[in-house]
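A structural walkthrough
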Amino acid sequence: MTAPSVLDLWRRHLGQIPGSVWQRTELQVLILADNDLTDLPPAIGRLHRLTTLDLGHNRLTSVPAELGALTGLSGFLYLHDNDLTELPDTLGALTRLRYLNVGENKLSALPETVGRMTGLVELRAQHNLLTTLPDGLGALHALRELWLRGNRLTGLPASVSALRELRHLELRENSLTDVPNALAGLPLLRHLDLRGNHLTHLPDWLTDLPALEKLDLRWNPCDPSSPLVGELERRGCVVLV
């Protein structure tokens, strides 16, 4: 089996990407993390053989629409720890991508087209400024992990009820006053992190989640002596209140 073509420029203090990189159309893995980059040229779209692209830990305020031309991305796309305020709609073309990390940015919304990224198994959007999520999220039928800590979410779209493969959901440090009803009936949900919200009431349907192994309710004003908590613990779920 032929080894992938890799260019690792991690932490080289580049400031900007050398023009010679755009001639490397054979590349499958490109690592540009931690280089104080402020600009990603449209030429990134030439690297159509990329399967993994790491742009994390830079100072990017935007990424070009040409990122959507990288339809060969089937592994990882790291955009975390930048200064992004929005993402291009063209990301929806990355239908083979399995892992997307856009955490630690300044995003107030995710593009509706994220619902077309049907290959996603893990989506990380923690520590942004999100107040809502796109309705299209429910189309991510392969999604197993969703990380949303440290946003401003007050609820989840009803379409989340279609995430039948979801195992891990982190909603820590948001603005939830109720456990989102869209989670009721998710058959494989194992870990639900609701720490640091404004929950006062726990819905009865929590005991009907067949795979729930851990429910974290710390730093919420809900009653730790609720019979529902006792019922969950009796069936083997770890409940932290």
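Just above, that's the structure.
Presented here is a report on the structure given in the accompanying data block. Each chain has its residues counted from 1, following the order in which its sequence is written. Under the rules for a predicted model, residues below a pLDDT of 70 receive no local features and side-chain atom pairs below 80 are neither given nor counted, while totals for whole chains, interfaces and linings still include all residues. The basis for every side-chain value is the complete set of non-hydrogen atoms in the structure, without hydrogens or water.

1. Concerning the nonpolar core
Rules: Each nonpolar core is a collection of buried residues, namely Ala, Val, Leu, Ile, Met, Phe, Trp, Tyr and Cys, held together in the definition by side-chain atoms within 4.5 Å. Each residue gets one of three labels from its accessible area relative to the maximum for its type: buried under 20%, exposed over 50%, partly exposed in between, using a 1.4 Å probe on protein chains only. Runs of H or I in DSSP of at least four residues are treated as helices and runs of E of at least two as strands, each being numbered from the N terminus. Two residues form a contact once any of their heavy atoms are found within 4.5 Å.
Counting 73 residues, the largest nonpolar core has Leu30, Ile44, Leu53, Leu67, Leu169, Leu206 and Leu215 as its most contacted members. The leading source of residues in this core is helix α1 (residues 227-234), at 3 residues. Those residues in contact with leucine 53 that sit more than four places away from it in its chain are Leu30, Ile44, Leu67, Leu70, Leu73, Phe76, Leu77 and Tyr78.

2. Some thoughts on unusual backbone geometry
Phi at aspartate 36 is positive, roughly 60°, even though this residue is not glycine. With respect to the secondary-structure elements, aspartate 36 resides in the loop between β2 (29-31) and β3 (52-54). Phi at aspartate 81 is positive, roughly 55°, even though this residue is not glycine.

3. Notes on α1
Definition in use: Each C-beta atom gives one direction from the helix axis, and the arc is the one those directions make.
Buried within α1 we find Leu228, Val229 and Leu232. All buried residues of α1 lie within an arc of 100° about the axis, which places them on one face of the element. Facing away from the buried side of α1 by over 90 degrees, the exposed positions are Pro227 and Arg234. Those residues of α1 hidden inside the fold are in contact with β10 (214-216) and β11 (238-240). At the exit of α1 stands glycine 236, carrying a positive phi of roughly 100°.

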